[in-house]
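If you want the building blocks of each chain, they are given just below.
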Amino acid sequence: MAATEISIRNLQVQYGHIKAVHIAALDLLSQEILAIVGPNGAGKSTLLRVMGLLEKPAEGTVIFQGQPATYDPRSLLLLHRRMAMVFQEPLLLKMTVAENIAIGLKFRRLTPQATQIKHWLDRFGIAHLHNRPARLLSGGEARRASLARAFILNPEILLLDEPFSALDAPTQNGLMVDLKTILAETRTTTVFVTHNLNEARMLADRMAVMMAGQMVQVDHPDEVFSHPATVEAARFLGMENCLLGHVLEKNNGQITIKIARQKIILKGTPPHNKQIYVCIRPENIRVAKKRTLTSTLSGRVNTCVKLGQMVRVVVDCGIPVVAQMPKEMFDQADLHAGDEVSVLFLSQATHLI
């Protein structure tokens, strides 16, 4: 089993009377990449600052490689030298790119070697910018310089706060691919905060989902996306349809559920509660003019909105149900606002909470 680099126990961060973060336990394992995801205001960046010992919690303990962290200046300095943090806004000094990359080593009273600087300039694809003033860099170039400055320190723990935010899609995708490759090579223990689920799914070994200052789920990304722990997490993770239902009958591995005066039959084992949510991703729903499956609802098309090669269809089934269909399939179904339709989905595409 991998060693634990950072452990958090009974953490509480307060701003005045507001409890911003309250987490019972969280462990960061050696050489893993942990993504902390959640909506804006969930407390993600606050948690990252606490893990980086940049903010002292009101209560709780941060344990660094088995030793509780203290906040006296000397201890903090020694621990900070074992970490590197890249903030959401690149904090580059008024000097060249190469000088910015070397500055962290100088702060630590180490002599930067030209080969070190060149290596990380090359790895992040900015060698041609080494003499350029940092203030003249584009957003993507500045992010690459900030990451290079962090990696040259050979940190035991790397902390990234929204490392790809405010970048255009091609720049963002290119930087993600490069960072994934570098992390795979260095196996640097990494925590990164993001609200972008694609980033988390692409980079993370584990995902930690924060909602309203609390950690609601920590698991492998596939498990988190397939089986979110709460309705709020399900909606954030893209299960836009969380349909409130009541279990009417359980028999031979089938469940009869009442949703908005309609009945559906699903395969599986329901939670013990009679009241449950049936959660379905819009892309796992199809809309048709005839009923073909037992796991269906009937309703009337409310709106159809084209989104590039996909079409978002909202159906009034007593409650709104959202489907996202490929344009070709939508055209074949010949759907229009006001049509009486069936909403189709398979049991295995549902998640019960």
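Up top you'll find the structure we're talking about.
Here we summarise the structure given alongside this text. (Residues numbered from 1 in each chain as written. Predicted model: local features only at pLDDT ≥ 70, side-chain atom pairs only at ≥ 80, totals over all residues. Heavy atoms only, no water.)

## Some words on the sheet that holds strand β17 (residues 310-316)
With antiparallel pairing, the five strands of this open sheet are ordered in space as β15-β19-β16-β17-β18. The open sheet has two edge strands with one neighbour each: β15 (286-288) and β18 (320-326). Geometrically, the sheet is characterised by an average inter-axis angle of 45° between neighbouring strands, direction not taken into account. (Pairing = 2+ DSSP bridges. Helix = DSSP H or I, 4+ residues; strand = E, 2+ residues; numbered from the N terminus. Axes fitted to C-alpha atoms, helices over the stretch in contact; angles between N-to-C directions.)

## Description of the nonpolar core
Of all hydrophobic cores here, the largest spans 47 residues; its most connected members are V37, V97, F124, I126, F151, M207 and L237. With residues up to four places along the chain from it excluded, the contact list for F151 reads W120, F124, L158, L179, I182, L183, T186 and T188. Judged by nonpolar contacts, the second largest core, of 31 residues, contains L34, I36, L76 and L79. (Core = buried A, V, L, I, M, F, W, Y, C linked by side-chain atoms within 4.5 Å. Buried < 20%, exposed > 50% of the residue type's maximum accessible area, 1.4 Å probe, protein only. Contact = heavy atoms within 4.5 Å.)

## Quick word on helix α1 (residues 44-51)
Within α1, six of the eight residues are buried, leaving the element largely enclosed by the surrounding structure. Taken together, the buried positions of α1 are occupied by K44, T46, L47, L48, V50 and M51. Positioned one or two residues after α1, L53 has a phi angle of 60°, which is positive.

## Points about the sheet that holds strand β13 (residues 262-267)
Pairing in this open sheet of five strands is antiparallel, and the strands run β13-β12-β11-β14-β20 from one edge to the other. Taken across any chain shown, the strands that pair with only one partner, and hence form the sheet edges, are β13 and β20 (350-352). Ignoring strand direction, the axes of neighbouring strands in this sheet form an average angle of 40°. In this structure, strand β14 (residues 275-280) lies alongside β20, joined through three bridges in antiparallel fashion. Its bridge partner lying in β20, C279 is registered against H351.

## Brief notes about the environment of A142
Along the polypeptide, A142 turns up in helix α5 (residues 139-151). Sequence spacing of A142 and L91 is 51 residues, and the spatial spacing of their C-alpha atoms is 8.7 Å. With residues up to four places along the chain from it excluded, the contact list for A142 reads P90, L92 and L137.

## Observations regarding the packing of aromatic side chains
Counting across every chain of the model gives three aromatic pairs. Ring geometry for W120 and F151: centres 5.3 Å apart, planes at 25°, overall stacked. Taken together, the positions of W120 in helix α4 (residues 114-123) and F151 in helix α5 put the pair 31 residues apart, joining distant regions of the chain. F151 gets classed as buried once you look at its relative accessible area, which sits at 4%. (Phe/Tyr/Trp six-rings, centres within 6.5 Å; stacked < 30°, edge-to-face > 60°.)

## Section: the pattern of salt bridges
Per the stated rule, a full pass over the model turns up 14 salt bridges. In this structure, R144 engages D178 in a salt bridge whose closest nitrogen and oxygen atoms are separated by 2.8 Å. Taken together, the residues span a long stretch of sequence, with R144 in helix α5 and D178 in helix α6 (residues 169-186) at a distance of 34 residues. Here D178 falls in the partly exposed class, since its relative accessible area comes to 27%. For K289, the salt bridge is made with D334, and the minimal N-O distance between the two is 3.7 Å. Linking K289 in the loop between β15 and β16 (296-307) with D334 in the loop between α10 (327-333) and β19 (340-344), this pair joins segments that are 45 residues apart in sequence. (Salt bridge = Lys/Arg side-chain N within 4 Å of Asp/Glu carboxyl O.)

Worth remembering: the numbers are spatial, not functional.
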